[in-house]
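# Structure at a glance
Listed below are the residues making up each chain.
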Amino acid sequence: MSDALRPDPDDIKTHSAFARWYWPVDHLHAFCDRLGLSRAGTKAQLRARVAEALGGPAAPPVRRPKRSGFAWSRETLTNATVITADISFGPNVRRFFTEAIGSAFVCHGDFMAWVRANPGETLAAAIEAWQMMEARKDDPAFRREIAEGNNYLQYLRDLRDAHPSLGLDDAQACWDHKKLRPAQDGRVVYEPSDLQFIKKA
């Protein structure tokens, strides 16, 4: 395993150098600022945008849902409100679900994926979907889906699957060290040798 640590974004001038490392969002924003790029979009979109600006492959076009004209950030929401393709999970939407479901409400990835995949359904149907997802937690075999772009959660799951007795703090310590090491195309992958980092935490 390489002992090299991730450099400062200001020291990266080429795509090949950029592609060697995992970059958190604040570093990607620093790249965008330096290169005159937009900060808008997901982490994957930011990374692709920076890579292209540094001489890498063209970033895929961003496909935005057609605007519905419904102002999710300020409209009064009810159970009968119809979900649109451009729903935004900002404070107004989260407040509605918290009031409807209670303090147990968590806007997790499975739920957001269901809502985005079901335009035309109502918020009442979304509440029922959330409750069904929560009920699955009682099944010992149930595991939430991890979004493809969530490298952090995937790394923790892979590490703890390999070492079930390992605590979350130790797994996070491994992540904190590993994310600073070379990670081709920015993907941090668990390796058995990562356990060495626990001793360094």
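Keep in mind it's a predicted model, so treat the numbers as computed, not measured.

### As for the overall build of the chain
Regarding its fold elements, the chain presents eight helices and zero strands. Moving toward the C terminus, one meets the helices and strands of the chain in the order α-α-α-α-α-α-α-α. Projected onto its principal axes, the C-alpha coordinates of the chain cover approximately 55 × 45 × 20 Å. Evaluated residue by residue, the chain yields a buried proportion of 35% over its 201 residues. Sequence-distant contacts in the chain: of pairs separated by 6 or more residues, those separated by 24 or more amount to 46%. Of the roughly 11900 Å² of accessible surface on the chain, 52% is carried by carbon and sulfur atoms. Looking at the chain, you have 28 positive and 26 negative side-chain charges, and the mean spots of the two groups are 4 Å apart.

### Here we look at the nonpolar core
By size, the foremost hydrophobic cluster in this structure holds 19 residues, and its most contacted members are F89, F97, F105, F111, V115 and L123. Sorting the residues of this core by element identifies α4 (91–101), α5 (109–116) and α6 (123–135) as the ones contributing at least two each. Sort the elements by how many residues they give to this core and α6 lands first, with five residues. When near neighbours in sequence (up to four residues on either side) are disregarded, F105 contacts R94, F97, T98, F111 and W130. Within the second largest apolar cluster, 12 residues are counted, among which are L159, C174, W175 and F197.

### Describing the confidence of the model for the chain
Looking at the chain as a whole, the pLDDT averages 92, with 98% of positions reaching at least 70. Model confidence for the chain, summarised as mean pLDDT per element, is weakest for α5 at 91 and strongest for α4 at 97.

### Things to note about the packing of α5 against α6
At a minimum axis distance of 10 Å, the contact between α5 and α6 shows a crossing angle of 145°. Here α5 and α6 pass one another in a crossing that is right-handed. Along the contact surface, α5 presents D110, F111, W114 and V115, while α6 presents A125, A126, A129, W130 and M133. A per-class count over the contact of α5 with α6 returns eight nonpolar, no polar and one charged.

Rules used throughout
Residues numbered from 1 in each chain as written. Predicted model: local features only at pLDDT ≥ 70, side-chain atom pairs only at ≥ 80, totals over all residues. Heavy atoms only, no water. Helix = DSSP H or I, 4+ residues; strand = E, 2+ residues; numbered from the N terminus. Buried < 20%, exposed > 50% of the residue type's maximum accessible area, 1.4 Å probe, protein only. Contact = heavy atoms within 4.5 Å. Areas by Shrake-Rupley, 256 points an atom, 1.4 Å probe, with all protein chains shown as cover. Lys, Arg positive; Asp, Glu negative; His and termini not counted. Charge placed at Lys NZ, Arg CZ, Asp CG, Glu CD. Core = buried A, V, L, I, M, F, W, Y, C linked by side-chain atoms within 4.5 Å. pLDDT = per-residue confidence, 0-100. Axes fitted to C-alpha atoms, helices over the stretch in contact; angles between N-to-C directions. Left-handed = near helix turned anticlockwise from the far one by under 90°. Nonpolar A, V, L, I, M, F, W, Y, C, P; charged D, E, K, R; others polar.

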